[in-house]
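Results of the structural survey
What follows is the residue order along each chain.
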Amino acid sequence: MLRYIVNRLLLMIPTLIGVAILVFILLRMMPGDIVELKLLAEGGGVDAATLEAERARLGLDKSLWGQFVDWMTGLATLDFGVSMWTGRPVIEEISSRLELSMQVALMATFLAIIIAIPLGTLSALFKDTWIDHVIRVFAIAGLAVPSFWLGMVIILLLLLNFNWIPPLTYTPIYEDPWRNLSQLIWPAMAVGYRYSAVATRMMRSTILEVLQEDYIRTARAKGVLERLVIARHALRNAMLPVITVIGLEFAFLIGGLVVTEQVFNLNGLGKLFVETVTRGDFTMVQALVMLIAGFFIIINFIVDLLYAVFDPRVRYR
Amino acid sequence: MKRLPLLLMMAAALAVSAGSVYAQKRGGELKFAVSAEPPNYDCHANTSFAFVHPVRPHYNTLLKFDAANYPKIKGDLAESWTVSKDSLTYTFKLRRGVKFHDGSDFSSADVKASYERIANPPKGVISIRRGAYSDIASIETPDAHTVVFKLKAPNSAMLSLFASPWDCIYSAAKLKQDPNFPRTNVMGTGPFVFVEHAAGSHWVGKRFDGYFEKGKPYLDGYRAIFIRNTAARVNALQAGEVLAEFRGHSPADKDRLVKALGDKVNVYEQPWCCALVVTFNTEKKPFDDARVRRALSLALDRWGGAQALSKIALVRWVGGVLRPGYELAPTEEELTQYPGFGKDINKSRAEAKRLLKEAGVPDLKFKFTNRNIPMPYTPVGVFLIDQWRQIGVTVEHEQLDTKLYQAALRAGNYEAGLDFNCDFMDEPNLQLQKYLSADKSTINYGRYNDRTLDGLFEKQVRATSRPDRVKYLRAFEKRVLEEAYTFPTIWWHRVIVNWKQMKGWHMSPSHYLNQDLSEVWLDQ
């Protein structure tokens, strides 16, 4: 198992290098110039010499190979440089938003788990009854309704009925838990609903599959209480695919909630991502892509480890 | 005799009580929304309202516009000023007792250092508007409270330029240590001290207790909240989470807020110092032919279009190269004499078709490059294409992201495009930059040179009498609209909706002016 863990960790390195090369190339293929956008977008008139000087300051006058070497060298030393738009360190820009994005992702995941596992199980156990139908409608609605639209509806309902909207700026939970939760519970619900719908359906189908297995019939034949059959045998085996789904969705939430963040005015990574791509802020985009890629890789790794926890037959060498 | 002391005491009491009665209330934090964020903190290097709204309250300028009486100018750091008879010398007497936020004294040296930085930026410093100050020959400081600007030639816009909201006065000492100090530091003489900038979230300022205008500012502080999404901004305003948004609202958003809030809000409306202009790449056929360009201008029913578009977009006014309503702009009667501005649209379109036929392109087809910003670029773009369709011209609408759009226009990778012309004030020296020859103007994307236009521009800059200036302006405008390298479509209309409890703010034609918040107070 230890060897497996070390191998997986080492494999992350070439994966991340590949992502770094790909994002570098793709960004340089994009047309447009951040310097022109910064200095000319609102009708400013600067001469060509000023534009060139700014490009030189940002390192954009270097050859592609020179820029690539700078990028890879920085990556190796975990120096992601400064934002080409604001001049602030990339780490600073990201870290100020990471906390919020992580919290929304965790809250949405928590909501998804506490909804999906019981509902998915109930739906499977009471298959083709009204309980199953209600839960399936709930799940399908969750899949069909875009989370940003649900977010807009939530905001409008709060505004029109209570003349209130969630706070517009982020307060960390350790500073003011009430204000923090009153801001983030709504986007967590909007996102968590869809998230729970996916997990509910996965839970239902895997439980139905597992309930057909021989060991379930054996456990019942031995006289094991039904609730123990479900809890100890069925659930544990059904969790594996659900863990995968939950893991992948969580990783997506870290930087993928672009529109939801705009609707709730959340200063998260999704919003930062869109802004920096629009501006062509190479250093920021590169760092964000590496962060998200890193997250996906680590989450996948944790999911694989959890497999071994849930299923003792799974042993990694 | 015994009554005299009593009378004197009564008179004194009356005088004190009269002086103590203020309408303005002190206190409170003003929260307002801003739809974008400043990329850095340097006034001289920025162009966006996203900079002005949060940052401007930390600084003063030499002069400023009297917002309640636009376009009158009044002193900010300057107490008084004189202009020599030959218009070559501007002498400013500066206020005394002014302090920077770090406690250091303000003096003429700071004005000199700031304007030298604007007009002749040192290496590594960006000064966006340096060209506008190229007439400054020297800056002298005979004493700590006097600064004298000497010009190379008379400049009709000079006094207005000293009132530019971008000409923040920095500390000479700080600039000497680091010419780029203002890029990452906020330290001025303005009514508010910088407290915090949470990137992507908000900007906070608090009252500067050492501000030179006693009793001001009235607010304890302000908080600018960055809200990118339009719907989210309107929601925030409706809920009262923010009391104001200082750029402008669309007609639909205004209607929604008025319906929801009724008499809790004030609505301000007036023409905006912004216009959308059509620009042609004159290096691409057939747009090198003035007949084709003029035809495309003649095809536009500006008067009808303005009325219709004003219901859905923030455009409303028909004007030439200067904002309609500005004192130097043509009257409506004068305007209708220009090609494309006549009221008989059928006659204009018949002429347009004739010109296209004469130019050999009766079934003209081209691609029209526009920004992908809904307000007001998309509706105006759609309107233009429909108008051109009326004369048999087929146009493909290409809407690009701002970065790509900018790149296309600058590189000449377009045929015709929708550009914009926005300035912080009504001033021909600024508005006409768009129409000058490409080798004279960095914002001419038409890639043409026209020395007649350049000559007329120069004449109106140097004109020392108003009638002369108007004469040259009319001639310039006529040439622009006849040659039609770039022509105005419809001028914008500014709508602001603020909560009534915010008082002391005055509307102007520019979203860059009157944003130091020194006179704003909260009635709560």
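Cut-off values and rules
- Per chain, residues are indexed from 1 in the order of the written sequence.
- Throughout, the order in which chains and ligands are written sets their labels, letters from A for the former and numbers from 1 for the latter.
- Per-residue local features of the predicted model are confined to residues with pLDDT of at least 70, and side-chain atom pairs are confined, for both listing and counting, to 80 or more; whole-chain, interface and lining totals are unaffected and use all residues.
- Excluded from the side-chain calculation are hydrogens and water; included are all heavy atoms of the structure.
- Helix numbering and strand numbering both begin at the N terminus, where a helix is a DSSP run of H or I of at least 4 residues and a strand a DSSP run of E of at least 2.
- Relative accessible area decides the class of each residue, using a 1.4 Å probe on protein chains only: under 20% of the type maximum gives buried, over 50% gives exposed, and in between gives partly exposed.
- Contacts were defined at the residue level, with two residues in contact if any of their heavy atoms lie within 4.5 Å.
- Two strands make a pair as long as DSSP finds a minimum of two bridges between them.
- Fitting a line to C-alpha atoms yields each axis, with helices limited to the stretch in contact; the angle taken between N-to-C directions then spans 0 to 180 degrees.
- Throughout, disulfides are identified as pairs of cysteine sulfur atoms within 2.5 Å of each other.
- Should an angle lie under 35 degrees it is considered roughly parallel, over 145 roughly antiparallel, and from 65 to 115 roughly perpendicular; all remaining angles are considered oblique.
- A crossing counts as left-handed when the near helix is turned anticlockwise from the far one by less than a right angle, and as right-handed when that turn is clockwise.
- Each residue is assigned to one class: nonpolar for Ala, Val, Leu, Ile, Met, Phe, Trp, Tyr, Cys and Pro, charged for Asp, Glu, Lys and Arg, and polar for all the others, Gly among them.
- Side-chain rings of Phe, Tyr and Trp (the six-membered ring for Trp) are treated as a pair once their centres are within 6.5 Å; stacked means planes under 30 degrees apart, edge-to-face means over 60, and tilted covers the remaining angles.
- Should the NZ of a Lys or the CZ of an Arg lie within 6 Å of a ring centre and within 35 degrees of the ring normal, that charge is described as sitting over the ring.
- His is not counted, nor are the chain ends, whereas Lys and Arg count as positive and Asp and Glu as negative.
- Here, a salt bridge means any side-chain nitrogen of Lys or Arg that lies within 4 Å of a carboxyl oxygen of Asp or Glu.
- Definition of a polar contact: a pair of N or O atoms within 3.5 Å, with one able to donate and the other able to accept a hydrogen when the atoms are protein atoms, and with sequence-neighbouring residues admitted only if both atoms are side-chain atoms.

A count of helical and extended segments in chain B gives 17 helices and 19 strands. Seen along its three principal axes, the alpha-carbon backbone of chain B occupies a region of about 95 × 55 × 50 Å. A total of 524 residues make up chain B; the buried ones form 60% of that total. Nonlocal contacts in chain B, meaning residues at least 24 apart in sequence, comprise 71% of its contacts between residues at least 6 apart.

Residues and elements named next belong to chain B. Pairing in this open sheet of five strands is mixed, and the strands run β8-β9-β10-β1-β11 from one edge to the other. Single-partner strands in this sheet number two, and they are β8 (192-198) and β11 (244-245). Summarising the sheet, β8 and strand β9 (residues 202-207) pair through six bridges and their orientation is antiparallel. From the neighbouring strand, His197 faces β9, where its bridge partner is Trp203.

Looking now at the sheet that holds strand β5 (residues 89-94) of chain B. Residue and element names in this part refer to chain B. Reading across the sheet, the four strands line up as β4-β5-β7-β6 and stay open at both edges, with antiparallel pairing between neighbours. Of all the strands in the sheet, just β4 (78-83) and β6 (136-143) have a single pairing partner and so form its edges. Direction aside, neighbouring strands of the sheet carry axes that sit 20 degrees apart on average. Judged from the five bridges that link them, β5 and strand β7 (residues 146-151) form a sheet pairing that is antiparallel. Paired with Phe92 across the two strands is Val147, which belongs to β7. Contacting β5, β6 and β7, helix α3 (residues 108-119) runs over the sheet at an angle of about 165 degrees to β6.

Residues and elements named next belong to chain B. Here the structure, examined in full by the defined rule, presents two disulfides over all chains. Note that Cys43 is cross-linked by a disulfide to Cys168, the S-S spacing being 2.0 Å. Given an S-S torsion of about -80 degrees, the disulfide between Cys43 and Cys168 has left-handed geometry. Of the two residues, Cys43 sits in the loop between β1 (29-34) and α2 (49-55) while Cys168 sits in the loop between α4 (158-162) and α5 (172-177), which places them 125 residues apart along the sequence. Between the sulfur atoms of Cys274 and its disulfide partner Cys422 the distance amounts to 1.8 Å. Between Cys274 and Cys422, the disulfide has an S-S torsion of 120 degrees and is therefore right-handed. Taken together, the positions of Cys274 in strand β12 (residues 265-280) and Cys422 in strand β16 (residues 416-422) put the pair 148 residues apart, joining distant regions of the chain. Free of any disulfide, Cys273 has its nearest neighbouring cysteine sulfur in Cys274, separated by 6.6 Å.

Successive residues of a regular strand alternate their side chains across the two faces of the sheet. All names here are of chain B. Inspection of the sheet shows β6 paired to β7 by five bridges, in the antiparallel sense. Bridge assignment links Ile136 to a residue of β7, and that residue is Leu151. Counted along the chain from β6 to the antiparallel partner β7, the turn is two residues long.

For the rest of this paragraph, the subject is the packing of helix α9 (residues 290-298) of chain B against helix α12 (residues 345-358) of chain B. Residues and elements named next belong to chain B. Two elements in contact, α9 and α12, have axes separated by 8 Å at closest approach and are oriented at 160 degrees. Classified by the angle their axes make, α9 and α12 are roughly antiparallel. Regarding α9 and α12, the two cross each other, and that crossing is left-handed. Between α9 and α12, the residues in contact are Arg291, Val292, Arg294, Ala295 and Leu298 and Ile345, Ser348, Arg349, Glu351, Ala352, Leu355, Leu356 and Glu358, respectively. Here the residues of the contact of α9 with α12 are counted per class, giving seven nonpolar, one polar and five charged.

Turning to the packing of aromatic side chains, a few remarks are in order. All names here are of chain B. Tallied over the entire structure, the rule returns 35 aromatic pairs over all chains. Here the aromatic rings of Tyr115 and Phe162 are separated by 5.4 Å at their centres, their planes lie at 70 degrees, and the arrangement is edge-to-face. In this pair, Tyr115 sits in helix α3 while Phe162 sits in helix α4, placing the two residues 47 residues apart along the sequence. For the pair shown, Tyr115 and Phe162 are each scored as buried. Over the ring of Phe341 we find Arg302; its NZ or CZ atom is 4.3 Å from the centre of that ring. Sitting over the face of the ring of Trp303, Lys343 holds its NZ or CZ atom 4.3 Å from the ring centroid.

A separate point is the side chain of A:Lys271. Following the sequence through the fold, A:Lys271 ends up in helix α12 (residues 269-279). Lacking a salt bridge, the buried A:Lys271 has A:Glu275 as its closest oppositely charged neighbour, with an N-O distance of 4.4 Å. A distance of 3.1 Å separates a polar atom in the side chain of A:Lys271 from the backbone oxygen of B:Gly200. Non-local contacts of A:Lys271, meaning those with residues more than four positions away in its chain, are made with A:Glu261, A:Leu266 and B:Gly200.

As a further point, take α12(A). Here α12(A) lies mainly inside the structure; eight of its eleven residues are buried. Restricting attention to buried positions, one finds in α12(A) the residues A:Leu269, A:Gly270, A:Lys271, A:Leu272, A:Phe273, A:Glu275, A:Thr276 and A:Arg279. Close packing links the buried residues of α12(A) with α2 (34-40), α5 (90-125), α10 (226-256), α11 (258-264) and α13 (282-310) of chain A together with α14 (402-411) of chain B. Once α12(A) ends, the next one or two residues include A:Gly280, with phi positive near 75 degrees.

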